[in-house]
Amino acid sequence: QVQLVESGGGLVQAGGSLRLSCAASGRTFNIYTMGWFRQAPGKEREFVAAILWRGGGVYYADSVKGRFTIFRDNAKNTVSLQMNRLKPEDTAVYYCAADRNTGSVYNRARYDYWGQGTQVTVSS
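Residues numbered from 1 in each chain as written. Predicted model: local features only at pLDDT ≥ 70, side-chain atom pairs only at ≥ 80, totals over all residues. Heavy atoms only, no water.

**Student:** How would you explain the pattern of salt bridges if you had to name every residue and give the values?
**Tutor:** According to the stated counting rule, one finds seven salt bridges in the structure shown. Across the salt bridge formed by R38 and D90, the nearest N and O atoms sit 2.9 Å from each other. Remark: D90 occurs in the loop between strand 8 (78-83) and strand 9 (92-99) and R38 occurs in strand 4 (residues 33-39); sequence separation between them is 52 residues. (Salt bridge = Lys/Arg side-chain N within 4 Å of Asp/Glu carboxyl O. Helix = DSSP H or I, 4+ residues; strand = E, 2+ residues; numbered from the N terminus.)

**Student:** An account of the environment of L81 is needed here, citing residue identities and associated values.
**Tutor:** Tracing the backbone through its elements, the reader meets L81 in strand 8. Separated by 50 residues in the primary sequence, L81 and I31 have C-alpha atoms spaced 18 Å apart. Sequence-distant contacts of L81, defined by excluding residues within four places in its chain, comprise L18, R19, L20, W36, V48, A49, F68, T69, I70 and Y94. (Contact = heavy atoms within 4.5 Å.)

**Student:** Tell me about the environment of V48, and please be specific about residues and values.
**Tutor:** Inspection of the secondary structure assignment puts V48 in strand 5 (residues 46-52). Under the relative-accessibility criterion, V48 is labelled buried at 1%. Taking C-alpha positions, V48 is 8.3 Å from Y106, a pair spaced 58 residues apart along the chain. Leave out the neighbours within four places in its chain, and V48 touches W36, F37, R38, Y59, Y60, A61, V64, F68, L81 and Y94. (Buried < 20%, exposed > 50% of the residue type's maximum accessible area, 1.4 Å probe, protein only.)

**Student:** Can you tell me about the nonpolar core, naming the residues and giving the values?
**Tutor:** In summary, soluble globular proteins display a tendency toward joint burial of nonpolar side chains. Counting 37 residues, the largest nonpolar core has L4, M34, W36, V79, L81, M83 and Y94 as the members making the most contacts within it. Elements with a contribution of two residues or more to this core: strand 1 (2-7), strand 3 (18-26), strand 4, strand 5, strand 7 (68-73), strand 8, strand 9 and strand 11 (118-123). Per-element accounting of this core gives the leading share, six residues, to strand 5. (Core = buried A, V, L, I, M, F, W, Y, C linked by side-chain atoms within 4.5 Å.)

**Student:** I'd like a rundown of the pairing of strand 8, residues and numbers included.
**Tutor:** Counting buried positions over the six residues of strand 8 gives five, a clear majority of the element. Inspection of the sheet shows strand 3 paired to strand 8 by six bridges, in the antiparallel sense. Each bridged residue has a counterpart across the sheet, and for S21 the counterpart in strand 8 is S80. With six bridges connecting them, strand 7 and strand 8 associate as antiparallel partners. Its bridge partner lying in strand 8, I70 is registered against L81. Counted along the chain from strand 7 to the antiparallel partner strand 8, the turn is four residues long, and its residue N77 has a positive phi close to 55°. (Pairing = 2+ DSSP bridges.)

**Student:** I'd love a proper account of the state of the cysteines, names of residues and values included.
**Tutor:** With the rule as written, the count across this model stands at one disulfide. Through a disulfide, C22 is tied to C96; the S-S separation comes to 2.1 Å. Between C22 and C96 the sulfur-sulfur dihedral comes to about -80°; the bridge is accordingly left-handed. Here the residue C22 occupies a position in strand 3, and C96 occupies one in strand 9, the gap between them amounting to 74 residues. One exposure class covers both C22 and C96, and it is buried. (Disulfide = S-S within 2.5 Å.)

**Student:** An account of the sheet that holds strand 3 is requested, with residue identities and associated values reported.
**Tutor:** Reading across the sheet, the four strands line up as 1-3-8-7 and stay open at both edges, with antiparallel pairing between neighbours. Looking at strand neighbours, the two that pair on one side only are strand 1 and strand 7, the edges of this open sheet. Along the sheet, successive strands turn relative to each other by an average axial angle of 15°, direction set aside. In this sheet, strand 3 lies alongside strand 1 in antiparallel orientation, the contact comprising six bridges. Within strand 3, the position partnered with V5 by the bridge is A23. (Axes fitted to C-alpha atoms, helices over the stretch in contact; angles between N-to-C directions.)

This is how it looks when you write it as structure tokens:
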């Protein structure tokens, strides 16, 4: 089992920045990919960004490319999402997720473990 705990959400004005962090514990040696997803009210959970846990690649949704950066600290078992130039449409609950296997990082169904989510609200 892997446990994921997110932190860092909050309220920010449009154009501002926030950093989300996700702390992983448990059988972290099983992790292959760490990802961030988000879900706005009335919408499906969507892919935001992902990173290969042992190195090799980062992936972003087109809507956040150039504004968000995902990075990891393997020594601390954390993955973070730096969000800059935030827009009101970025408002959502953000979830950290971990996948034990290779495959499409964009597919939320592949992820095995999820955090409880953290609210990000961007005011206009």
